[in-house]
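Overview (structure and organization)
What follows is each chain in one-letter form.
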Amino acid sequence: MAYSVAVTSGKGGVGKTSIAINLGMTLSREGQRVCLLDTDFGLANAHILLGVNPQKTISDLLNNRATMSELPCNGPAGLKLVAGGSGLTDLLKIDENIRNQIIRSTDALCDNLDVLIVDVPAGATDSAIDIIAAADRVLVVLVGEPTSFTDAYTLIKACSLEKNTYHFSVVVNMANNANHAKDTFDRFKNITDRFLDIDLRFAGYLPLSSALRDSIVKRRPIMSDNGKTAETQSFKKLALTISQTPKNETPGLRFLGLK
Ligand SMILES: Nc1ncnc2c1ncn2[C@@H]1O[C@H](COP(=O)(O)OP(=O)(O)OP(=O)(O)O)[C@@H](O)[C@H]1O
């Protein structure tokens, strides 16, 4: 059955979009039909990192120039992309009704999709919380810095208290090694266990990697190559873990609602 994964972080600049893209390409390489939905409206950049030039974006949906089924464009490794709009006007007009319209419109993708990956805007905003609540699985990108901890905690707390979102997975990015990643996760989980009634799981880690950083500059995602590097192995493990984590089944509007 098709499922949705919200990739989020709280803090910006921690590698959320890089991970969303490469996770999508990994699942696609494994034979899943995957679409990435960039909901970072106004500041959308997934298409830039993927090196594609979409003809239509979410803006066209909101302006009745296109339906959701017409938006996915072809990215590398078979990954599809629904690009967010760009520009301040797009950013300003995303109120609750528009968010709901976008979430509902993904019903049209159900027949042709196994996984919808949603790149969530940074910050514990109403927009981010609503988008996360509509996804089956939530992947939080964490780095071992106090500001990442604080912002991820604030976001998770808001999702839990306001929307009853219960299951969260964490991927530690820019880790020195596996032990460092697990230690970072354990320190974060100690905090959430003390104050929140949630299920928080370790989903994997990505090493601090010049290859990953360079892939962004070159606009050629690391999963474009199917070699056996530490990064590709990490993404394969992450994809497997995510596909096996429990789903949130909170009532209300959901991505791929007709699945
Ligand atoms: N594992 C990593 N090793 C080294 N650099 C990384 C790694 N992951 C991400 N980066 C770099 O960090 C920067 C931010 O990445 P990215 O744009 O994916 O973050 P983001 O959280 O989506 O940011 P934003 O909030 O601005 O959308 C990029 O320059 C990227 O190359």
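Residues numbered from 1 in each chain as written. Predicted model: local features only at pLDDT ≥ 70, side-chain atom pairs only at ≥ 80, totals over all residues. Heavy atoms only, no water.

The protein is annotated in an unreviewed UniProt entry as Cytochrome c oxidase aa3 type subunit I protein from Candidatus Micropelagius thuwalensis.

Digging into the pattern of salt bridges
Scanning the model with the defined rule gives 10 salt bridges in all. We note a salt bridge from Asp119 to Lys16, for which the minimum N-O separation is 2.9 Å. Of the two residues, Asp119 is situated in strand S5 (residues 115-119) and Lys16 in helix H1 (residues 16-29); the sequence distance between them amounts to 103 residues. By the burial criterion, Asp119 is buried, and Lys16 matches it. A salt bridge links Arg254 to Asp136, with the shortest nitrogen-to-oxygen separation between them at 3.5 Å. Within this pair, whereas Arg254 is found in the segment after helix H10 (230-244), its partner Asp136 is found in the loop between helix H6 (126-133) and strand S6 (137-142), the two being separated by 118 residues in sequence. Owing to a relative accessible area of 3%, Asp136 belongs among the buried residues under this scheme. (Salt bridge = Lys/Arg side-chain N within 4 Å of Asp/Glu carboxyl O. Helix = DSSP H or I, 4+ residues; strand = E, 2+ residues; numbered from the N terminus. Buried < 20%, exposed > 50% of the residue type's maximum accessible area, 1.4 Å probe, protein only.)

Some details on the site of the ligand
Around the ligand there are 16 residues in total, and Thr17, Ser18, Asn173, Pro207 and Ser209 lie nearest to it. Note that an oxygen atom of the ligand is positioned 3.1 Å from one of the backbone N or O atoms of Gly13. Measuring from an oxygen atom of the ligand, one finds a backbone N or O atom of Thr17 at 2.8 Å. Protein burial of the ligand: of its 640 Å² of free accessible surface, 80% is covered by the chains. (Near = heavy atom within 4 Å. Polar contact = N/O pair within 3.5 Å; in protein donor to acceptor, adjacent residues only side chain to side chain. Areas by Shrake-Rupley, 256 points an atom, 1.4 Å probe, with all protein chains shown as cover.)

Some details on the nonpolar core
By size, the foremost hydrophobic cluster in this structure holds 50 residues, and its most contacted members are Ile58, Leu116 and Phe255. Look past the residues within four positions of Phe255 in its chain and what remains in contact with it is Ser4, Leu37, Ile103, Thr106, Leu116, Val118, Ile131, Ala134 and Ala135. Counting 35 residues, the second-largest nonpolar core is a separate cluster that includes Ile19, Leu27, Val171 and Leu212. (Core = buried A, V, L, I, M, F, W, Y, C linked by side-chain atoms within 4.5 Å. Contact = heavy atoms within 4.5 Å.)

Considering the UniProt feature "binding site: ATP" (unreviewed entry) in the protein
Sequence positions flagged by UniProt for "binding site: ATP" (unreviewed entry) are, in local numbering, Lys11, Gly12, Gly13, Val14, Gly15, Lys16, Thr17 and Ser18. Set against the largest pocket, the annotated residues named above that line it are Gly12, Gly13, Val14, Gly15, Lys16, Thr17 and Ser18. Its location among the elements puts Gly13 in the loop between strand S1 (3-8) and H1. Given a relative accessible area of 7%, Lys16 falls into the buried group. Beyond its immediate sequence surroundings of up to four residues, Lys16 is in contact with Val7, Thr8, Ser9, Asp40, Asp119, Val120, Ala122 and Val141. (UniProt positions renumbered as here; feature names shortened; annotations may be inferred. 1 Å grid on protein atoms, 1.4 Å probe; cavity = no way out; pocket = protein on both sides within 12 Å on 5 of 7 lines; lining within 4 Å.)

Thoughts on the pairing of S5
Burial of S5 is extensive: 5 of the 5 residues sit out of reach of the surface. Taking every second residue as pointing to the same face, both faces of S5 are buried, with Val115, Ile117 and Asp119 on one and Leu116 and Val118 on the other. Relative to S5, S1 runs parallel, the two sharing 5 bridges. For Ala6, the partnering residue across the bridge sits in S5 and is Val118. Here strand S2 (residues 34-38) pairs with S5 via 5 bridges, running parallel. Each bridged residue has a counterpart across the sheet, and for Val34 the counterpart in S5 is Val115. (Pairing = 2+ DSSP bridges.)

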